[in-house]
Amino acid sequence: MQGVLQFLQDVFIKENKELNVLGKIAKIAIIFLLARLGIRIVNAIINNSLEKRKKFKFEIDEKKANTLATILKNVNKYVFYFIALVPSLELFGIKATSILATAGIGGLAIGIGAQGIVKDVLTGFFILFEDQFSIGDYVKIGEYEGIVEEMGLRVTKIRGFSGELYIIPNNKIDVVINRVRGSMRALVEVSISYEEDIDKALKVLEDISLDLKNTEKAILEGPTVLGVSKLGEYDIVLTVVAKTEPMEQWRIERTIRKKVVEAFREENIDIPYPKRIVLNENS
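None of these values were measured; they are calculated from a predicted model.

Details of the pattern of salt bridges
Taken as a whole and assessed by the stated rule, the structure comprises 9 salt bridges. When the shortest N-O distance is used, the salt bridge between glutamate 145 and arginine 179 registers 2.9 Å. Note that glutamate 145 is positioned in strand β2 (residues 144–151) and arginine 179 in the loop between β5 (176–178) and β6 (184–192), a separation of 34 residues in sequence. Its relative accessible area of 27% is what places glutamate 145 among the partly exposed residues. For arginine 179, a relative accessible area of 24% puts it in the partly exposed group. Residues joined in a network through salt bridges with shared partners are Glu216, Glu248 and Arg251.

Okay, structure coming up:
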């Protein structure tokens, strides 16, 4: 009889433990659901605040607003998940104070391992506050070039021209070339043969430049015909330069080249290209 009672007692204790574990898991799920809800609420507040930025005394442009929103949302996410993690661990008897004590004992190893993360975060904040670049800017960082899609506390994501996504740790960002700050230069080199009339070709380029100046709003200055810039092996190189709005320089260059080809054809001005003459000994 006593053995049966002991067996029932063990079963009851086991069932209680299983129920206790299930209850803790349910509590952890609720804690993280509340954390997700908190993240969404704060993100909505951030979005709403930045949408109303025009009402503030100090305005910020669209790109800076998007960049700031991304950084704040990342910080918000980390804070809420950390707040949710502490009580979740304590449900299983793991005290936050003991974790901190353990971190103190292994502080040297953790510090060495976390150096890269700390550098990433600090560099990210400096990039933001120094306004080196913003989301939507066309930049070149090291060997990577493209449009900034996302700026986080640890990494910056750049979308390349061919669609590649470059994920760069912030501490690896050293020299940044920003191609959308201020006016950009559009430069076109046009070749004519040595047999052509240089003054006639320059006059055609001047007419093209004047027409573009009056029709292209993206051109801020010029186009200006600089004249003969190079004497090649079989061509004379003429140069046209203009200042344009950011990200418009490549389109303006293509437009100038197209108009030059069309105008030179109309004026019978030859654009040189390598020619090979084959002599037949029998001829």
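A closer look at the sheet that holds strand β7 (residues 219–231)
With respect to topology, 3 strands assemble into an open sheet ordered β6-β8-β7, the strand pairing being antiparallel. Lying at the two open borders of the sheet, with one neighbouring strand each, are β6 and β7. Along the sheet, successive strands turn relative to each other by an average axial angle of 20 degrees, direction set aside. Taken together, the 9 bridges between β6 and strand β8 (residues 236–244) define a ladder with antiparallel strand orientation.

Some words on the packing of helix α5 (residues 198–215) against helix α6 (residues 249–266)
Their axes nearest at 10 Å, the elements α5 and α6 cross at an angle of 135 degrees. What the angle tells us is that α5 and α6 run oblique. The element α5 and its partner α6 pack so that their crossing is right-handed. Seen from α5, the contacting residues are Ala201, Val204, Leu205, Ile208, Asp211 and Leu212; seen from α6, they are Thr255, Ile256, Lys259, Val260, Ala263 and Phe264.

Quick word on the packing of aromatic side chains
Applying the stated criterion across every chain yields a total of 2 aromatic pairs. Judged by centre distance (5.4 Å) and plane angle (65 degrees), the rings of tyrosine 138 and tryptophan 250 are edge-to-face. Residue tyrosine 138 is located in strand β1 (residues 138–141), and its partner tryptophan 250 is located in helix α6; the two are separated by 112 residues in the primary sequence. Judged by its relative accessible area of 12%, tyrosine 138 is buried. Its relative accessible area of 30% is what places tryptophan 250 among the partly exposed residues. Measuring from ring centre to ring centre gives 4.8 Å for tyrosine 144 and tyrosine 166, while their planes differ by 40 degrees; the resulting arrangement is tilted. Here tyrosine 144, found in strand β2, pairs with tyrosine 166, found in strand β4 (residues 165–169); they are 22 residues apart in sequence, far enough to count as distant. The exposure class assigned to tyrosine 144 is partly exposed, which follows from its relative accessible area of 31%.

Digging into a nonpolar patch on the surface
Nonpolar side chains collect at one region of the surface, where Ile30, Leu34, Leu37, Ile41 and Ile45 lie side by side and expose about 480 Å² of accessible area between them. Inspection of the secondary structure puts leucine 34 in helix α1 (residues 2–51).

A short note on the pairing of β1
Of the strand pairs in this sheet, β1 and β2 are connected by 4 bridges, and their pairing is antiparallel. Each residue of the ladder has a partner; that of isoleucine 141, found in β2, is tyrosine 144. The turn linking β1 back onto β2 is made up of 2 residues, and glycine 142 within it adopts a positive phi angle of 65 degrees. Here β1 runs beside β5; their pairing, made up of 3 bridges, is antiparallel. Pairing of isoleucine 141 across the sheet is with valine 176, part of β5.

Concerning the pairing of β7
As paired strands, β7 and β8 are joined by 8 bridges and run antiparallel to one another. What sits directly across from lysine 230, in β8, is valine 237. Joining the antiparallel neighbours β7 and β8 is a turn of 4 residues.

Reading the values: rules and limits
- Residues numbered from 1 in each chain as written.
- Predicted model: local features only at pLDDT ≥ 70, side-chain atom pairs only at ≥ 80, totals over all residues.
- Heavy atoms only, no water.
- Salt bridge = Lys/Arg side-chain N within 4 Å of Asp/Glu carboxyl O.
- Helix = DSSP H or I, 4+ residues; strand = E, 2+ residues; numbered from the N terminus.
- Buried < 20%, exposed > 50% of the residue type's maximum accessible area, 1.4 Å probe, protein only.
- Pairing = 2+ DSSP bridges.
- Axes fitted to C-alpha atoms, helices over the stretch in contact; angles between N-to-C directions.
- Parallel < 35°, antiparallel > 145°, perpendicular 65-115°, else oblique.
- Left-handed = near helix turned anticlockwise from the far one by under 90°.
- Contact = heavy atoms within 4.5 Å.
- Phe/Tyr/Trp six-rings, centres within 6.5 Å; stacked < 30°, edge-to-face > 60°.
- Patch = residues over 30% accessible without salt bridge, like charges linked within 9 Å, V, L, I, M, F, W, Y side chains within 5 Å.
- Areas by Shrake-Rupley, 256 points an atom, 1.4 Å probe, with all protein chains shown as cover.

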